[in-house]
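# Fold and contact review
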Amino acid sequence: MNTSRVYKNTEGKDRTIHQMVRDEPDWAASRIQAGESAIAELAMTHRALTLELQQHKRCHAELLRLAERLRKYEPGSPMILNSGEK
């Protein structure tokens, strides 16, 4: 924990984090709650992005499978969905 940061109390005076916790408990509680909310939001975003990535991978695999089937019907045609292969 970085304890060198300077905070301003309600009177505008410089205080350390330890002084703020001791002297301004409501401020400290609000900072803890804001941090907890931010952590929860990040966790939800991570779960949502993980699900999106899984869906993307499933779609990509299906597109590759369909492209391979298409190539069987059109011999000699390039496989369009496989980057780098012409």
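For the structure itself, consult the block above.
Heads up: these notes are all about the structure in this document. The shown structure was predicted, so the numbers you read here are calculated from the model rather than taken from an experiment.

## Thoughts on the packing of aromatic side chains
Each aromatic ring pair is specified by the distance between its two centres and by the angle formed by the two planes. Considering all chains together, one arrives at 1 aromatic pair under this definition. Ring centres of Y7 and W27 lie 5.3 Å apart, and the angle between their planes is 65°; this geometry places the pair in the edge-to-face category. Taken as a pair, Y7 in strand 1 (residues 7-8) and W27 in helix 2 (residues 25-73) lie far apart in primary sequence, 20 residues in all. Residue W27 is classed as partly exposed on the basis of its relative accessible area of 24%.

## Overview of the side chain of E24
By secondary structure assignment, the location of E24 is in the loop between helix 1 (17-23) and helix 2. Buried charged residue E24 carries no salt bridge. Nearest counter-charge: R15, at 7.0 Å. Among the polar contacts listed, one links the side chain of E24 to the side chain of T10, at a separation of 3.2 Å. Those residues within four positions of E24 in sequence are excluded, and the remaining contacts are N9, T10 and Q19.

## Notes on the pattern of salt bridges
Taken as a whole and judged by the stated rule, the model has 5 salt bridges. Among the ionic pairs, K8 bridges to D14, the shortest N-O distance being 2.5 Å. Assessed through its relative accessible area of 54%, K8 is described here as exposed. A salt bridge links R22 to D23, with the nearest nitrogen and oxygen atoms 2.8 Å apart.

## Considerations on the side chain of N9
Checked against the element boundaries, N9 lands in the loop between strand 1 and strand 2 (14-15). By relative accessible area, N9 is classed as buried at 12%. A distance of 2.9 Å separates a polar atom in the side chain of N9 from the backbone nitrogen of E11. At 2.8 Å, the side chain of N9 forms a polar contact with the backbone nitrogen of K13. Excluding anything up to four places from it in sequence, N9 contacts R15, M20 and E24.

## Quick word on the environment of A28
Positionally, A28 belongs in helix 2. Judged by relative accessible area, A28 falls into the buried class, the value being 9%. Put simply, A28 and H18 are 10 residues apart on the chain and 9.6 Å apart in space, counted from C-alpha to C-alpha.

Cut-offs used in this document
Residues numbered from 1 in each chain as written. Predicted model: local features only at pLDDT ≥ 70, side-chain atom pairs only at ≥ 80, totals over all residues. Heavy atoms only, no water. Phe/Tyr/Trp six-rings, centres within 6.5 Å; stacked < 30°, edge-to-face > 60°. Helix = DSSP H or I, 4+ residues; strand = E, 2+ residues; numbered from the N terminus. Buried < 20%, exposed > 50% of the residue type's maximum accessible area, 1.4 Å probe, protein only. Lys, Arg positive; Asp, Glu negative; His and termini not counted. Salt bridge = Lys/Arg side-chain N within 4 Å of Asp/Glu carboxyl O. Polar contact = N/O pair within 3.5 Å; in protein donor to acceptor, adjacent residues only side chain to side chain. Contact = heavy atoms within 4.5 Å.

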